[in-house]
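# Residue-level structural notes
One letter stands for each residue in the lines below.
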Amino acid sequence: MANLKYYDVILKPIVTEKSMNAMSEKKYTFSVHTDATKGQIKEAVEKMFEGTKVAKVNTMNLDGKNRRRGAVTGKTAKTKKAIVQLTADSADIEIFEGL
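This write-up is about the structure you can find in this document. (Residues numbered from 1 in each chain as written. Predicted model: local features only at pLDDT ≥ 70, side-chain atom pairs only at ≥ 80, totals over all residues. Heavy atoms only, no water.)

## A word on a nonpolar patch on the surface
A cluster of nonpolar side chains, contributed by Tyr 6, Tyr 7 and Met 48, occupies part of the molecular surface with about 300 Å² of accessible area. Positionally, Tyr 6 belongs in helix α1 (residues 6-9). (Patch = residues over 30% accessible without salt bridge, like charges linked within 9 Å, V, L, I, M, F, W, Y side chains within 5 Å. Areas by Shrake-Rupley, 256 points an atom, 1.4 Å probe, with all protein chains shown as cover. Salt bridge = Lys/Arg side-chain N within 4 Å of Asp/Glu carboxyl O. Helix = DSSP H or I, 4+ residues; strand = E, 2+ residues; numbered from the N terminus.)

Structure (structure tokens):
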């Protein structure tokens, strides 16, 4: 298990049309550290955003894509995505306000 602090777990929010539609159901999408567990993600969201209570966390491991530049081939970095479901009485996350 990785020795991650809560501020190292969440890298950035993911803002797409699909994730914006899910926010009406209090589901928020984040790009997270590849070694982060669901428990660490839950703890990080509750500590970073005041008044939030996490009901559940769904994670997805995304492999890197194959890229080519001339004759040289390679892969992009692996990433991990987390969809965080908040409870009904939880406060909304402020960084998504006004989007």
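Past the structure itself, the notes keep going.
## Quick notes on the layout of surface pockets
Empty space within the largest pocket amounts to approximately 300 Å³. Lining the largest pocket are 17 residues, and of these Ser 19, Thr 29, Met 60, Lys 81 and Ile 83 lie nearest its centre. Only α2 (17-22), β2 (27-32), β3 (54-62) and β6 (79-86) provide two or more residues apiece to the lining of the largest pocket. It is β6 that provides the largest number of residues to the lining of the largest pocket, a total of five residues. Residue classes in the lining of the largest pocket are distributed as five nonpolar, seven polar and five charged. (1 Å grid on protein atoms, 1.4 Å probe; cavity = no way out; pocket = protein on both sides within 12 Å on 5 of 7 lines; lining within 4 Å. Points joined across faces, edges and corners; volume = space filled by probe spheres on them. Nonpolar A, V, L, I, M, F, W, Y, C, P; charged D, E, K, R; others polar.)

## Quick look at unusual backbone geometry
With a phi angle near 60°, Lys 26 is a residue other than glycine that sits in the positive phi range. Within the secondary structure layout, Lys 26 lies in the loop between α2 and β2.

Honestly, that's just the spatial picture; any functional story needs more than this.
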